[in-house]
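Descriptive structure summary
Chain by chain, the residues run as shown.
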Amino acid sequence: MAAKIPTASGISRLLAAAGHTRAVVKMRGGRSGFAVTSSVHEGIVTVRHCAMLGRSPSAEQYEQWHERYAKTIAAAGYATDIDDLGVIVTAKEG
């Protein structure tokens, strides 16, 4: 069986379907939530929690959000690694 290669759009849909909130960035208003970006290297995606301006979540809160995102993504069969900036998603080996 071939490894599932993550894409930004696929991971975004996965998190939204699991009930996580997407970040919406606007000049006024907006919504805090996850943001997914692709790496310059194929098959690597990063998920971060984005808080709207005026809110100052603690490092512990960011860690909790990233842990929840990683748990959802890993349950779908991807490899995850949490670093200071968010969740790194790659194809699971084997």
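Relevant structure appears above.
This section reports on the structure supplied with the text.

Looking now at the overall build of the protein. Secondary structure assignment for the protein yields 2 helices and 4 strands. Its C-alpha radius of gyration of 13 Å places the protein within 12% of the 12 Å reference for a compact globule of 94 residues. Each principal axis of the C-alpha atoms in the protein carries an extent, and together these give about 45 × 25 × 25 Å. Within the protein, buried positions represent 29% of all 94 residues.

For the structure on display, the rule yields 2 aromatic pairs. Look at F34 and Y69: their rings are 6.0 Å apart centre to centre, the planes differ by 75°, and that puts the pair in the edge-to-face class. Placement of F34 in strand β1 (residues 33–38) and of Y69 in helix α2 (residues 59–75) is noted, with a sequence separation of 35 residues between them. Relative accessible area serves as the criterion here: at 4%, Y69 is assigned to the buried category. Centroid distance Y62 to W65: 5.6 Å. Interplanar angle 75°. Geometry classified as edge-to-face. You can see Y62 and its partner W65 sitting in helix α2, 3 residues apart, about one turn around the helix. Y62 sits in the partly exposed class, given a relative accessible area of 26%.

Below, the discussion takes up α2. End to end, α2 covers 24 Å across 17 residues, agreeing with the expected 24 Å (1.5 Å per residue, within 8%). Those residues of α2 that sit buried are H66, Y69, A70, T72 and I73. Down the axis, α2 shows its buried residues gathered within 165° of arc, on one side only. Across from the buried face of α2, at angles greater than 90 degrees, the exposed residues are E60, K71 and A75. Along its buried surface, α2 packs onto α1 (8–17), β1, β2 (45–50), β3 (78–83) and β4 (86–91).

Take the nonpolar core next. Side chains that are nonpolar tend, in soluble globular proteins, to be buried together. Grouped together as the largest cluster of nonpolar side chains are 14 residues, with contacts concentrated most on I11, L15, V36, V47, I73 and V89. Those elements that place two or more of their residues in this core are α1, β1, β2, α2 and β4. Dropping the residues within four chain positions of it, I11 is found in contact with P6, V36, V45, V47, I73, Y78 and V89.

Conventions used here
Residues numbered from 1 in each chain as written. Predicted model: local features only at pLDDT ≥ 70, side-chain atom pairs only at ≥ 80, totals over all residues. Heavy atoms only, no water. Helix = DSSP H or I, 4+ residues; strand = E, 2+ residues; numbered from the N terminus. Rg over C-alpha atoms; globule rule 2.2 N^0.38 Å. Buried < 20%, exposed > 50% of the residue type's maximum accessible area, 1.4 Å probe, protein only. Phe/Tyr/Trp six-rings, centres within 6.5 Å; stacked < 30°, edge-to-face > 60°. Expected span 1.5 Å × (residues − 1). Arc of directions from axis to C-beta. Contact = heavy atoms within 4.5 Å. Core = buried A, V, L, I, M, F, W, Y, C linked by side-chain atoms within 4.5 Å.

That is the geometry; function is a separate question.
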